[in-house]
Amino acid sequence: MRQIISYRDAVALLGGPTAITDVLDKVTCLALFGTGAIDLFDARAEAVRLGDAFLRGLRDKVKGLSRYDSTQRLAAAHSVIVVAAFLDVLREVDVLRDLTPEDQRRITDSSDLAENHIWLPSPAHPFEEVLSDLEAVYQMHTSELVSFLKGLRRWDTWDETTRDRLSTDIPARALRRYEELFRRLVADFPEVACWSDRIDHQATRAEIRQLGRGLAGIQEHLARVPPTRSPSDRLAVLIRSNRAALGSPIVSAARTPRGMTIPTLEQGYVNPAYRVHQAEETWAGLPRRNDLDAFLAGHLTLPQATADPLLVLGQPGAGKSVLTRVLAARLPAAEFLPLRVELRDVPADSDVLAQIEHGIRAALDEPMSWPEFVHAGGGALPVVMLDGFDELLQATGVNQTDYLERVARFQRDQADKGRALAVVVTSRTAVADRARLPAGTFVIRLEPFDDDQISQWVTTWNHDNDGYFRERGLRPLPMDKVLAVRKLAGQPLLLLMLALYDADANALGKLPDNAHEAELYERLLHDFAVREVGKTRPGLTDADLERAVEDELLHLSITAFAMFNRGLQWIAEPDLDADLRTLLGQETRRHQGLRRPVSRAEGVIGGFFFVHTSRALRDDERLKTYEFLHATFGEYLVARLVVRELADMAQELASAESRRRPTRPDDAYLRALLSFAALTVRAPTVDFLRHGLHRTVPPGERPLLTRYLCELFSDSLLSRPGSAYDAYQPVRAELTAQCAVHSANLLLLAVLSADEPLAGTELFRTEQPEHANERWRRIARLWHSQLSRAEWDALIHTLHVRHFLRDDDTRVFRVAFDRRPVFESHDLVFFTWPAPATNPARFRAPGMSWMREISFRDDTTLGHLFANLYPYVTEIDANLAAHPESPVANLLAVLLSDSPNVEKFARALRRATTLEYLDRVLKQLEQDAPLMPGDDVLTLLEIAADSDRRTLMLRALADRPDVDRDKVAALLARQGQDQPGPRPPAYREVPAVRPGDVPGDGQPEPAPPGVP
């Protein structure tokens, strides 16, 4: 909601002159132009005085006021100049002098100009939009004035030039006058410039825009506001602490090698880009902005800031918490009183006031009530930053959907009590949809770094560590290698991780240009695991170190599976502890002196850089959840553990083969891991699996592994004896669903391990194709019924089933890894049935998932249905996606109807999907038109989209006597303005899993509540 204030309220707030205030109390809108003892010209002069002499004395009116009261009066002053500009122009219009007292009386009977609510400029409402809105307001009131004047006798005595000047000159001149007054307001009050980023000094404006780091622009924007107050000495420790943060490293330097420098917040914090939305806007199409410091400076100097919280969203590692630290350091203490409250450290079930007072105690090392804190600020506006709303949700699981509304209520309640405050709330993007937004809340989403921001960060890193590189003979961090992994480099914390990784023997720089993404993740994870082991267990031999590192990565892989099998991006500490106990057995928990024993989960996570720990406090109990800073870490670790298990199986199979001893490796562990979520829902995981199997399993062992995986797949629905891993139940799932997921995963692994497509007879270990076909149909129906829609779609878009006829007319099928969106019709089961009739012509169509589904399910019913629709697909539209009102049925209803039916034609024309579809309906309408009333035909042509046939039909219709020829002419004149129905693009790329299909995937990021 943009900030608004009425002119009448503004005058009252600013202590305007009694004469004009009396007018506002008694009359409506154009009553400003005359009433009672105050005639039109006196009122105008009085109002204009508000916009001129009044502004000259405005500085005295706000001198010594609190930041909040100053902001309110400046907003009121803006409302004054909006009305004063309009009245000032009216004073210059000579024709108004001709009005008689009776004319003035008649003008005073309309709506109230003084009560009009006027938008304030703001960072989210650019000054150009304010001018556009204001021009419309001035035009509206000018039109009202002119409409009144037209009813007066004097109107007929004025010439055309005088009349036109009233309509056209007044709005434009009023707008120019407003701009003049606004520039004066900006010149006297620098904070007003922050509302719309209008800084008249060109050099200053250019200098601020070059300050792309450390939010230095905030300090530059607000430094021009003359300090008129100072906080109490009791808050000195808070102010010093906030400012000192600029000199501290971006992150703790405890894990860095000796001599390495972590850039400070002042130099190393690169201002992130962002998008801002409010009310009913959507993220899609919102511009990417690079003026975060200007936005924050403007927001905090507007009344909006004290009415509703500002919500800051970002991915893990995007720098939300760091943003609050830098903001607290940059805000001038004379005007603002920043207070950071880390929600992970406050009681989760306490109210907003208690959370803030908890933050005050933590910041000052002494208790202080909220009223005392505000009073000690000496009129500075408290800016409370509630950091980590997502941690309250994740760690506690408590319903906090009304949290932001409670914050807004607290702000308004405190403003009424004279203790106004601005609030900034930070949260991870993925949980933002679990809270309702107050109506006036702005939401900004921090964006990943672009190439320029990455370059700026890398330049600072290389500069600060030049001595470290020279001393060790290392090269600076290479920009080209960083940009090659932009998916990681776009997040500031992960960019730092890449820099730390390369600082150890230029590891990133040595990565081959053609290296698979999996190799980078393996090296990153292995490197940080070595560091973690080295910190806790120094002095290990190389062999012991390698075993310890592999154990660390195994624990991390189980952590990744804990999230994956639950369909979440994070895992709670108790759940991870339970999974580790079940899959790895009991371990003695480590003690650290007199401190409590470290949990299994804490021992696994340790200090890994790429794992984020969320904390919250509830009933004096510390609750934790863990998540990877980037989802790809988890996706790689899931694939890594599966590949490791399969490589061990392949080695065991090869060893038994060489000794001529048949063996069946134990697959209980793998079965436990793969029975709760289909691997195909994560396309990167599938890619990592494919790469890992071909890189890790030797070519000579892969056929053995493939054959064994086919055996497991063939027997996957048979009963099995219990195992030690049956207790692993990450989610509550029916046995049928577990069997479906497990068998689908085995199929995927068998196909990925093979060097060529697998035949049905290989999958089911049978020599009879008919038997394989039947078993495939049965298990495919199991998958269709038991997998989630996302899992099913991912499966059929990852594995491609093709059907063939052998020379003996026996039907067979093969399964291959194939994500290509183009599908050939001969792969459908219908076209491979032995039949004497010639099969229909074959064709290729892009993005037709229904064709893949028919082939995958080997569904004869759907095959017959497709055969019946084959002419429609080839001639009209290849898109047969489900729709509430089927275009196919609509077209058939028109073509097969016994007599012309207007309603059927209308439905078909409204749902025309392609030009061919539209033309076919119009062609039928053209044939039926002689049998139909002319008005009915005209109505249908009005519905139809523009086309050549429609034009010809309109021209022919113009000759009929039973139609409105003027309406026909109007439609012909509008030809070319209408657009035909959408046409599917050729060879549209379809991903293996459509974005948003996977619960908890976070792609695309969920919009805040109320946002489509």
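Cut-offs and rules
- Residues numbered from 1 in each chain as written.
- Predicted model: local features only at pLDDT ≥ 70, side-chain atom pairs only at ≥ 80, totals over all residues.
- Heavy atoms only, no water.
- Helix = DSSP H or I, 4+ residues; strand = E, 2+ residues; numbered from the N terminus.
- Buried < 20%, exposed > 50% of the residue type's maximum accessible area, 1.4 Å probe, protein only.
- Areas by Shrake-Rupley, 256 points an atom, 1.4 Å probe, with all protein chains shown as cover.
- pLDDT = per-residue confidence, 0-100.
- Contact = heavy atoms within 4.5 Å.
- Salt bridge = Lys/Arg side-chain N within 4 Å of Asp/Glu carboxyl O.
- Pairing = 2+ DSSP bridges.
- Phe/Tyr/Trp six-rings, centres within 6.5 Å; stacked < 30°, edge-to-face > 60°.
- Patch = residues over 30% accessible without salt bridge, like charges linked within 9 Å, V, L, I, M, F, W, Y side chains within 5 Å.
- Axes fitted to C-alpha atoms, helices over the stretch in contact; angles between N-to-C directions.
- Parallel < 35°, antiparallel > 145°, perpendicular 65-115°, else oblique.
- Left-handed = near helix turned anticlockwise from the far one by under 90°.
- Nonpolar A, V, L, I, M, F, W, Y, C, P; charged D, E, K, R; others polar.
- Expected span 1.5 Å × (residues − 1).

An unreviewed UniProt entry lists the protein chain under the name NACHT N-terminal Helical domain-containing protein, with Nonomuraea monospora given as the organism.

Right, let's get into the overall build of the protein chain. A tally of regular secondary structure across the protein chain gives 45 helices and 16 strands. Counting across all 1012 residues of the protein chain, residues that qualify as buried make up 54%. Split by element, the accessible area of the protein chain, about 44300 Å² in all, is 49% carbon and sulfur.

On to the confidence of the model for the protein chain. Looking at the protein chain, pLDDT values average 80 and 78% of them are 70 or higher. When the elements of the protein chain are averaged for pLDDT, helix α2 (residues 18-26) gives the smallest value, 37, and helix α34 (residues 735-753) the largest, 97. In the predicted structure, residues 15-51 sits below a pLDDT of 50 and forms 92 contacts with residues beyond four places in sequence or in another chain. The low-confidence segment residues 978-1012 (pLDDT under 50) makes 90 contacts with residues lying over four places distant or belonging to another chain.

This part covers the pattern of salt bridges. Under the definition given, this model contains 47 salt bridges. The partner of K967 in a salt bridge is E942, with the nearest N and O atoms 3.3 Å apart. Residue K967 is found in helix α45 (residues 965-973), and its partner E942 is found in helix α43 (residues 934-943); the two are separated by 25 residues along the sequence.

The next subject is the pairing of strand β13 (residues 799-805). Each regular strand displays side chains that alternate between the two surfaces of the sheet. Of all 7 residues in β13, 5 are buried; the element is thus mostly enclosed. As paired elements, β13 and strand β14 (residues 811-817) share 7 bridges and run antiparallel to each other. Along β14, the bridge assignment pairs F804 with V812. What sits between β13 and β14 in their antiparallel hairpin is a turn of 5 residues, with D809 showing a positive phi close to 65°.

To continue, consider the pairing of β14. Counting buried positions over the 7 residues of β14 gives 5, a clear majority of the element. In this structure, strand β12 (residues 758-759) lies alongside β14, joined through 2 bridges in antiparallel fashion. Across the sheet, residue A759 finds its bridge partner in β14, namely R814.

Quick look at the packing of aromatic side chains now. The relation between two aromatic rings is expressed through the spacing of the ring centres and the mutual angle of the planes. As enumerated under the stated definition, the model contains 25 aromatic pairs in all. A centroid spacing of 5.8 Å and a plane angle of 10° characterise the contact between W457 and W461, whose relative ring orientation is stacked. Here W457 and its partner W461 are both found in helix α21 (residues 451-464), 4 residues apart, which amounts to about one turn of the helix. This pair shows no difference in class: W457 is buried, exactly as W461 is.

Turning our eyes to something else, we now look at the sheet that holds β14. In a beta sheet, neighbouring strands are held together by backbone hydrogen bonds and run either parallel or antiparallel to one another. Pairing within the open sheet is antiparallel, and its 3 strands lie in the order β12-β14-β13. The outermost strands of the open sheet, each flanked by one partner alone, are β12 and β13.

Here we come to the side chain of Q738. Here Q738 lies in helix α34. For Q738, a relative accessible area of 14% gives the class buried. Sequence-distant contacts of Q738, defined by excluding residues within four places in its chain, comprise S675, F676, Q729 and A733.

Attention now goes to the environment of H299. Mapped onto the secondary structure, H299 falls in helix α15 (residues 292-300). On a C-alpha basis, the gap between H299 and S196 in space is 9.9 Å, while along the polypeptide they are 103 residues apart. The contacts of H299, once residues within four sequence positions are left out, are P123, Q304, A305, L310 and F442.

A few words on a nonpolar patch on the surface. A contiguous nonpolar surface patch, about 280 Å² in accessible area, is contributed by L892, L895 and L896. Along the chain, the position of L895 falls in helix α40 (residues 887-896). Residue classification places L895 among the partly exposed positions, given a relative accessible area of 34%.

What follows concerns the packing of helix α41 (residues 902-910) against α43. Running from N to C, α41 and α43 cross one another at 15°; their axes reach a closest spacing of 9 Å. Considered as vectors, α41 and α43 are oriented roughly parallel to each other. Remark: the crossing between α41 and α43 carries right-handed chirality. Contacts between α41 and α43 involve V902, F905, A906, L909 and R910 from the first element and D936, L940 and I943 from the second.

Let's shift gears to the packing of helix α36 (residues 769-786) against helix α37 (residues 789-798). Two elements in contact, α36 and α37, have axes whose closest approach is 7 Å; the angle formed by their N-to-C orientations is 140°. Classified by the angle their axes make, α36 and α37 are oblique. In this structure, α36 contributes A780, W783 and H784 to the contact, and α37 contributes R789, W792 and L795. Considered class by class, the residues forming the contact of α36 with α37 number 4 nonpolar, 1 polar and 1 charged.

Looking now at unusual backbone geometry. Here the phi dihedral of A505 falls at roughly 65°; this positive angle occurs in a residue that is not glycine. On the secondary structure map, A505 appears in the loop between α25 (492-502) and α26 (517-536). Of note in this structure, R765 is not a glycine but carries a positive phi near 50°. Mapped onto the fold, R765 is located in the loop between α35 (760-763) and α36. Exposure remark for R765: the relative accessible area of 45% places this residue in the partly exposed category.

Let us look at helix α33 (residues 702-714). For α33, built from 13 residues, the straight-helix expectation of 18 Å at 1.5 Å per residue is met to within 8% by its first-to-last C-alpha distance of 18 Å. For α33, the buried fraction is high: 10 of the 13 residues fall into the buried class. Regarding α33, the residues found buried are R702, L704, L705, T706, Y708, L709, C710, L712, F713 and S714. Close packing links the buried residues of α33 with α30 (631-658), α32 (683-696), α34, β12, α35 and α36.

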